[in-house]
Amino acid sequence: RQRLSVLRLTNKGFCRSASIRLFRIIRTPLSISPPHQHPNHWTPKRLFEVSQSQYCAAVREIEVNTDEFGHHTSANLQLFIEDLAALLPACLCNFRNLSVLSISFPDDPRLMCTELVRNIFRYVPLPNLKELHLALPLAYDFVTLLVQETINSSTPSRSSIKSILRQLKCLSVSVCDGSGFGGTRYYQKQPSSAQRAFPNHEYSDQFFELIQLAEELEYLRISCTHVLNMDALDATHLYKLRSLELCRVKISHTMLLSIMKGNHETLRSMFLWTVELKSGTWTDVLIQLCLHPHLEAFHMDSCGYSRDGQSSRWALGLLPPIDDPQDIETMHLPDTFALGNLQRQVIANRHANGLLEMREYEYRHSKKEPVEEILAWWASKD
């Protein structure tokens, strides 16, 4: 971006060409300094200026976040959100070619942030939006985006998050408040006042009902703090996925296998972090994934079994040491060997497509014996 800024000064021809590329992506993080100290660096002001310029049509991606810098004052944050509330919806109306919108409001002021997001989806037309990344404190905050919406809520003056979700190709949602019991794995924090009033697990079903409105997805990422039950998701329309990323959810093996079967010909990558299986075994899931002909990337980290599910007998009694994470936390011996089978298949798929090899340590299970041998030995013991 610095080179493009310098290139604009060369001549008029370079200025226009470089500006189109320079303003293609606009990042609006919370500034460390308040606006009265460095008014030209106050990002809401800069965003507004771009929206009023001749280059507003060049903008394709906007990123707004309050968590880029951890050391900001509450007064600075409050002013930042107030300015965004006043300017952001109007700015977005001018970015007619916007295709990617990323909004990250993981902390307080929660109510003001959620109201801002709600107003964006209610009043800003986003006809070309294909990719949405949204991070909010609570599952409840996502649920409120649908409050008072009806099937006929879209009018010439009012948009609808339902219609926006249905046009998306990429959706990433993150629940960020990890306070209270179960919000983190190793170190529990006292619940925030918002978490006490609206516990994440109580709004799990409605949270996934919002996600399932996105019917044309090719990329889906779901990240939670408290482990939420993904079986509430109706995956009927998830049949075009090229990439699936899940973090801190629990799911039955039938639900996970259903998603995999529906995307057998399209799935290219799958990443799982702290995913808890409620039923079946990871061996069942991983063996099925070996049949995906186009799977080119797979990673799992700290995945295991739900302690309140049908497969709870395979869950570890204690968590691994925090500095020694496991791919699969399991008492079911064949699981890591099934992961080895899948890693070998991914390596073969990547080789067939001329892709770079995976790092040896990450795919170390590929050196293990085939899971079929372990399953045969396992059966002989019975």
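In the block above lies the structure referred to throughout.
Draft legend 1. Representation of the overall build of the protein in the model. What the protein contains, in helices and strands, is 13 helices and 11 strands. The buried share among the 382 residues of the protein stands at 50%. Of the contacts formed within the protein by residues at least 6 apart in sequence, a portion of 73% connects residues at least 24 apart. On the protein, roughly 18900 Å² of surface is accessible, and the fraction owed to carbon and sulfur atoms is 54%.

Draft legend 2. Spotlight on the packing of aromatic side chains. The full count for this structure, using the stated rule, is 8 aromatic pairs. A centroid spacing of 5.0 Å and a plane angle of 65° characterise the contact between Tyr140 and Tyr203, whose relative ring orientation is edge-to-face. Of this pair, Tyr140 sits in helix α6 (residues 139-143) while Tyr203 sits in the loop between α8 (193-197) and α9 (204-211), and the two are 63 residues apart along the sequence. For Tyr203, a relative accessible area of 17% corresponds to the buried category. When the ring of Phe271 is compared with that of Trp273, the centres are 6.1 Å apart and the planes differ by 15°; the resulting orientation is stacked.

Draft legend 3. Main features of the layout of surface pockets. Quantified by volume, the largest pocket comes out at close to 720 Å³. What lines the largest pocket is a set of 31 residues, among which Gly182, Val227, Arg248, Glu276 and Arg307 lie closest to the centre.

Draft legend 4. Highlighting the environment of Ser223. Relative to the assigned elements, Ser223 resides in strand β6 (residues 219-229). With 24 residues separating them along the chain, Ser223 and Cys247 place their C-alpha atoms 4.5 Å apart. Setting aside residues no more than four positions away along its own chain, Ser223 makes contact with Val173, Ser174, Val175 and Cys247.

Draft legend 5. Inspection of the pairing of strand β3 (residues 100-104) at higher detail. Burial within β3 is extensive, with 5 of its 5 residues counted as buried. The alternating pattern of β3 places Val100, Ser102 and Ser104 on one face and Leu101 and Ile103 on the opposite face, and all of these are buried. Bridging between strand β2 (residues 61-65) and β3 involves 5 bridges; their strand directions are parallel. Across the sheet, the residue bridging to Asn65 is Ser104, located in β3. Chirality of the crossover, the property in question, places the unit of β3, helix α5 (residues 110-123) and strand β4 (residues 131-136) among those that are right-handed.

Draft legend 6. Highlighting the environment of Leu126. Along the polypeptide, Leu126 turns up in the loop between α5 and β4. The exposure class of Leu126 is buried, given its relative accessible area of 4%. For Leu126, the contacting residues outside a window of four places in its chain are Leu98, Leu101, Ile164 and Gln167.

Draft legend 7. Looking closely at the nonpolar core. Counting residues in each nonpolar core, the largest one holds 97 residues, and the members touching the most others are Phe207, Ile222, Trp282 and Phe298. When residues in this core are grouped by element, the largest group, 7 residues, is from helix α4 (residues 74-94). Non-local contacts of Trp282, meaning those with residues more than four positions away in its chain, are made with Leu256, Leu272, Val275, Leu277, Met300, Cys303, Gly304, Tyr305, Ile328 and Asp335.

Draft legend 8. Layout of the packing of helix α12 (residues 334-352) against helix α13 (residues 371-381). For the pair α12 and α13, interaxial distance at closest approach is 8 Å and the crossing angle is 155°. Judged by the angle between their axes, α12 and α13 are roughly antiparallel. Crossing hand, α12 versus α13: left-handed. Only Val371, Glu372, Ile374, Leu375 and Trp378 of α13 make contact with α12, whose side of the interface consists of Pro334, Phe337, Ala338 and Asn341. Each residue belonging to the contact of α12 with α13 can be placed in one class, and the counts come to 7 nonpolar, 1 polar and 1 charged.

Draft legend 9. Representation of the packing of α4 against α5 in the model. Here α4 crosses α5 at 0°, and the two axes come no closer than 10 Å. Looking at the two axes, α4 sits roughly parallel to α5. Counting all contacts with α4, which are made through Gln78, Ile81, Glu82, Leu84, Ala85, Leu88, Pro89 and Leu92, the residues of α5 involved are Met112, Cys113, Leu116 and Ile120. Class assignment for the residues of the contact of α4 with α5 results in 10 nonpolar, 1 polar and 1 charged.

Draft legend 10. Representation of α4 within the structure. In a regular helix each residue adds 1.5 Å, so 21 residues correspond to 30 Å; α4 covers 30 Å between its end C-alpha atoms and thus fits that length. Leu87 marks the point of greatest bend in α4, at about 40°, and the proline Pro89 comes within the next four residues. Those residues of α4 lying buried are Asn76, Leu77, Phe80, Ile81, Leu84, Leu88, Pro89, Cys91 and Leu92. For α4, the elements touching its buried residues are β1 (25-29), α3 (43-51), β2, β3 and α5.

Draft legend 11. Highlighting the pattern of salt bridges. Using the criterion set out here, one finds 11 salt bridges in the structure. Across the pair Glu49 and Lys45 runs a salt bridge, and its minimum N-O distance is 2.6 Å. Placement of both Glu49 and Lys45 in helix α3 is noted, with a separation of 4 residues, approximately one turn of the helix. The exposure class assigned to Glu49 is partly exposed, which follows from its relative accessible area of 40%.

Rules behind the numbers
Residues numbered from 1 in each chain as written. Predicted model: local features only at pLDDT ≥ 70, side-chain atom pairs only at ≥ 80, totals over all residues. Heavy atoms only, no water. Helix = DSSP H or I, 4+ residues; strand = E, 2+ residues; numbered from the N terminus. Buried < 20%, exposed > 50% of the residue type's maximum accessible area, 1.4 Å probe, protein only. Contact = heavy atoms within 4.5 Å. Areas by Shrake-Rupley, 256 points an atom, 1.4 Å probe, with all protein chains shown as cover. Phe/Tyr/Trp six-rings, centres within 6.5 Å; stacked < 30°, edge-to-face > 60°. 1 Å grid on protein atoms, 1.4 Å probe; cavity = no way out; pocket = protein on both sides within 12 Å on 5 of 7 lines; lining within 4 Å. Points joined across faces, edges and corners; volume = space filled by probe spheres on them. Pairing = 2+ DSSP bridges. Right-handed = clockwise from strand over helix to strand, strands pointing away. Core = buried A, V, L, I, M, F, W, Y, C linked by side-chain atoms within 4.5 Å. Axes fitted to C-alpha atoms, helices over the stretch in contact; angles between N-to-C directions. Parallel < 35°, antiparallel > 145°, perpendicular 65-115°, else oblique. Left-handed = near helix turned anticlockwise from the far one by under 90°. Nonpolar A, V, L, I, M, F, W, Y, C, P; charged D, E, K, R; others polar. Expected span 1.5 Å × (residues − 1). Bend = angle between axes of the 7 residues up to and from the residue. Salt bridge = Lys/Arg side-chain N within 4 Å of Asp/Glu carboxyl O.

Note that all results are geometric; they support no functional claim without further evidence.
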